[in-house]
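Summary of the model geometry
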Amino acid sequence: MRADRLHRNLRVRDEGRVDLVGRQSPEKDIDESELEVHEPERAAVGVRGITVALRRSLEQMGPVRTARTLPLLNQRSGFDCPGCAWPDPREEDGESRKFAEFCENGAKAVAEEATTRTVDAEFFREHSVDDLSERTDYWLGQQGRLTTPVIKREGDTHYRPVEWAEAFRVIAEKLNELGAERTAFYTSGRASNEAAFCYQLLARSMGSNNLPDCSNMCHESSGTALNETIGVGKGSVSLHDLENADLVVVMGQNPGTNHPRMLSSLERVKQRGGKILAINPLPETGLMRFRNPQSVRGVVGAGTPLADEFAQIRIGGDLALFKAISALLMRAEDEAPGTVLDSSFIENHTEGFAEFAEQARDVDWTEVERLTGLEREQIERIARMFAESSGTVVCWAMGITQHRQAVPTIREIVNVQLMRGMIGKPGAGVCPVRGHSNVQGDRTMGIWERMPESFLAALDEEFDLRVPREPGWDTVETLHAMHEGRCAAFIGLGGNFAAATPDSAATERALRGCELTVQISTKLNRSHVVPGRTALILPTLGRTERDRQRSGDQFVTVEDSMSVVHASRGRLAPSSDQQLSEVAIISRLARAVFGPGHRVPWEEFEQDYDRIRERIANVVPGCADYNRKVREPDGFVLPHPPRDSRSFPTPTGRANFTANVPRMIHVPEGRLLLQSLRSHDQYNTTVYGLSDRYRGVENARRVVLVNSADMDELGFADGETVDLVSEWADGSGGIEQRRAEGFRVVPYSTPRGCAAAYYPEANPLVPLDSVAEGSNTPVSKAVVIRLERG
Ligand SMILES: Nc1nc2c(c(=O)[nH]1)N[C@H]1C(S)=C(S)[C@@H](COP(=O)(O)OP(=O)(O)OC[C@H]3O[C@@H](n4cnc5c(=O)[nH]c(N)nc54)[C@H](O)[C@@H]3O)O[C@H]1N2
Ligand SMILES: Nc1nc2c(c(=O)[nH]1)N[C@H]1C(S)=C(S)[C@@H](COP(=O)(O)OP(=O)(O)OC[C@H]3O[C@@H](n4cnc5c(=O)[nH]c(N)nc54)[C@H](O)[C@@H]3O)O[C@H]1N2
Ligand code: SF4
Ligand SMILES: [Mo]
């Protein structure tokens, strides 16, 4: 593949080995020739957002379904938004829910699921797997809801309809033959608590902890760092805390697109006199200004300015910034003892302060300015904001977690919070803002390859089992196991493993190499068209749909980003009577695997989800009396000792200070550091459309945003088509190269040397071995690339 051109442009050490890996993502069904770039929008949301949401809803669902669905979104008697994990207002905090308690992107997520378009048996007759593999994820998703179970047996060119009973028989036979230890049970974060609990129970009863999930690629670094430092891997604030904070830091996060209702909370912070500090390589529209569609000012005025201070940081510079903030806080305390640090908190609740303090004052300002790209003066201003705040909440997302040094960065954020006693008091804390609507709940329910012994022992006790203790594979380990032939079967409870994971070309080969792939899905995606030798697609119900079982209509439960657990009830008629709920699929599969008389009452679970919740109550910490508590109108809040009582369930019984050392990411000359991010018109690998409205990029997704000074220096013109080639030192002296073709260069406000492209188009560029230390999360936000003329 164009090796001549490649070698011409390569600079590889003589002894170096050059590996070329790369998939040409299908692109022919999207016409990107009309790329249009306009000025980024000045304010997020406003009436335009509502218009877009309604238009998409009407296109996908029609007027009747739209009118039946949107009013139930995020209401107490309705269903939980399948979009992000942002929490709903709670009566307990004196907040009521509005008539329209959702955002543009929530409405798009609903429209995508509740669409009236369907994929049926005829569709699969018409399209071979090869044909489908030439389509983009966008095209695949646009075909509509999966309505019938299908199978592709060894040697088949097409998927064909299969009876449910036969589907379960085939899967069970293969799984029993291959063994659970050779099977990966992947979960994406939309699965309900009930489905997740059953799924991990199935995997563990079969003898495997191989439970990789999307969280491994998402907030794993947050969980790792928070567990280590405060003893709980979850955020320590409520919505009320956030809205009543004196200073809210939003870093590595683009809430205007990915957590839009967070903007209403940020607006409240401003109205109550609080300050907002935004730390981001890009001046994301939602961080700068917000037009609240529910206020007159938001409809007709310029909206509320949000960020009081915007630090346009270099990609990967956050650890250096927070080290500098720690140092400045220490020095401020030295100058005016007793005014900056919370000594009584430090003394009573923390461990390791002396060792931390010993190294904390050292800063090499030249180094800090190089790593962060920020001026000392601004960093000093920022440190003063921390020093003067009476209550600080630090929020972050993928711009922090998907870096090699993500774990130490978050540990340093915790250091800064601990110094000032900003954990476990109202209006203060740490707030990793979760992605998928139930990703946090899935973890609570046991979707983790390394659940603690206490959880495993509780499962044993409850079901009279002996579940395995050996930790299982996470997502990256699953990929390695597939490559090495140790993993032969893959089951996906939702998600799009092929497109969401790093190094797409290798991942697709790995999936194709499996004996068995099973995808439990609502919509078609890339993972369905890179099948294992035997492959099945099992169509499932979504959040919006009525779930009727033998005991009557069922509801499910979910947990948001702030540990609130509550019920979700779908109301729409399913688009096919062939779709089964996730719980029903898992339960029937388990019955096929184990035969009659298994210790887990799978059939009862399927007939009545209360039976599952009774078991959750006995096994999962904090869930006693689950069936009653989730029936409360606002659900209930899971315990969080640091938040609730400043007690820290770490081995020391205290919150831990840590010492962290920032390291420069080596970017050779002529190369850029690429982050992969979401446009305003997608949900992860699901592409809704081609309008990244806030950033001003329309009608195209294969674009790379570059600082115009870098464009000049590297000699690329506005709109020029280039290939992105990533370069990864493979550790044995060679350089692995990965290529993604045909991206248009767009000048954009990003720091020098830093570029951005959309996920998942950029995934072929992410090396599988490039992972965060300590959490094994793929480094999706810092890929060394060069641009090559196409
Ligand atoms: N509409 C919509 N909503 C979503 C999703 C979606 O795809 N669409 N996805 C959901 C999921 S699963 C998740 S995890 C969340 C993701 O929510 P986000 O984390 O907001 O998603 P990204 O688009 O990855 O944005 C990363 C942000 O971090 C910034 N950034 C990149 N590198 C750095 C860095 O080194 N330092 C700092 N300070 N900032 C950096 C980027 O400029 C960008 O603003 O959203 C959830 N909500
Ligand atoms: N380069 C790069 N890679 C990344 C990221 C990045 O920022 N950059 N972000 C990472 C992050 S944060 C995440 S969370 C992962 C996301 O990884 P995944 O969770 O695996 O991917 P999604 O695109 O969210 O999955 C979408 C598919 O889920 C299925 N689905 C939707 N709703 C339901 C449902 O209710 N039930 C079931 N069973 N299936 C359903 C549909 O078939 C749909 O096609 O990607 C990661 N990959
Ligand atoms: S903020 Fe998130 S949860 Fe709320 S409506 Fe929007 S997408 Fe849904
Ligand atoms: Mo995520």
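Before going into details, it helps to say that this report is about the structure given with it. Only a predicted model underlies this, so the values are computations on that prediction, with no experimental measurement involved.

The next subject is a nonpolar patch on the surface. Together, I50, L54 and L58 make up an exposed nonpolar region whose accessible area comes to about 230 Å². Here L54 is to be found in helix 2 (residues 46–69).

It is worth spelling out the packing of helix 15 (residues 318–335) against helix 19 (residues 376–388) at this point. At a minimum axis distance of 9 Å, the contact between helix 15 and helix 19 shows a crossing angle of 60°. In this structure, helix 15 crosses over helix 19, and the sense of that crossing is right-handed. Contacts between helix 15 and helix 19 involve L321, F322, A324, I325, L328 and L329 from the first element and I379, E380, I382, A383, F386 and A387 from the second. A class-by-class count of the residues in the contact of helix 15 with helix 19 yields 11 nonpolar, no polar and 1 charged.

With respect to topology, 3 strands assemble into an open sheet ordered 22-23-24, the strand pairing being antiparallel. The sheet is open, and its two borders are formed by strand 22 (556–559) and strand 24 (636–637), each paired with just one other strand. Relative to strand 23 (residues 564–568), strand 22 is paired through 4 bridges, and the arrangement is antiparallel. In the sheet register, T557 faces strand 23, and the bridge partner there is A567. The strands that helix 8 (residues 193–206) touches are strand 22 and strand 23; relative to strand 22, the one it contacts most, it runs at about 90°.

Most of strand 23 sits inside the fold, with 5 of its 5 residues counted as buried. Where strand 22 folds back on strand 23, the antiparallel hairpin that results is connected by 4 residues, among which S563 adopts a positive phi of roughly 65°. Alignment of strand 23 against strand 24, held across 2 bridges, turns out to be antiparallel. Across the sheet, the residue bridging to V565 is F636, located in strand 24.

Quick look at the site of ligand 3 now. By nearness alone, every residue bordering ligand 3 is listed as N74, C81, G83, C84, F102, C103, G106, P260 and R261. A class-by-class count of the residues in the shell around ligand 3 yields 5 nonpolar, 3 polar and 1 charged.

With that settled, the discussion passes to the nonpolar core. Ranked by size, the top nonpolar core spans 69 residues in total, and within it F197, L201, L538, W602 and Y626 carry the most contacts. The biggest single contributor to this core is helix 8, with 9 residues. Not counting chain neighbours up to four residues away, the residues in contact with L538 comprise P149, W164, A167, F168, I171, V518, Q519, I520, S521 and I585. If you look at the next biggest cluster of nonpolar residues, it comprises 47 residues, including A225, I325, V416 and L418.

Calculation criteria
All residue numbers here refer to positions counted from 1 along the written sequence of the relevant chain. Each chain takes a letter, starting from A, and each ligand takes a number, starting from 1, following the order in which they are written. Only residues with pLDDT of at least 70 are given local features in this predicted model, and only at 80 or more are side-chain atom pairs given and counted; all residues enter the totals for whole chains, interfaces and linings. The side-chain figures draw on all heavy atoms in the structure; neither hydrogens nor water molecules are used. Residues forming no salt bridge and having over 30% relative accessible area are the ones grouped into patches, like charges within 9 Å of each other and nonpolar side chains (Val, Leu, Ile, Met, Phe, Trp, Tyr) within 5 Å. In short, Shrake-Rupley with a 1.4 Å probe defines the accessible areas, and a residue's cover is counted only from the protein chains shown. Each salt bridge in this description consists of a side-chain nitrogen of Lys or Arg and a carboxyl oxygen of Asp or Glu lying within 4 Å of one another. Each helix is a run of DSSP H or I of at least 4 residues and each strand a run of E of at least 2, with the numbering of both proceeding from the N terminus. Here the axes come from fitting lines to C-alpha atoms, over the contacting stretch only for helices, and the angles between their N-to-C directions go from 0 to 180 degrees. For any helix crossing, the convention is left-handed if the near helix is rotated counterclockwise from the far helix by under a right angle, and right-handed if that rotation is clockwise. When checking whether two residues touch, look at their non-hydrogen atoms; a contact exists if any pair is within 4.5 Å. Amino acid classes used here: Ala, Val, Leu, Ile, Met, Phe, Trp, Tyr, Cys and Pro are nonpolar; Asp, Glu, Lys and Arg are charged; the rest, including Gly, are polar. Strands are treated as partners if at least two bridges between them are detected by DSSP. Think of it in three bands: with a 1.4 Å probe and only protein chains considered, a residue is buried below 20% of the maximum accessible area for its type, exposed above 50%, and partly exposed in between. Throughout, near means a residue has at least one heavy atom within 4 Å of the molecule or strand. Residue types Ala, Val, Leu, Ile, Met, Phe, Trp, Tyr and Cys, when buried and joined through side-chain atoms within 4.5 Å, form a set referred to as a nonpolar core.

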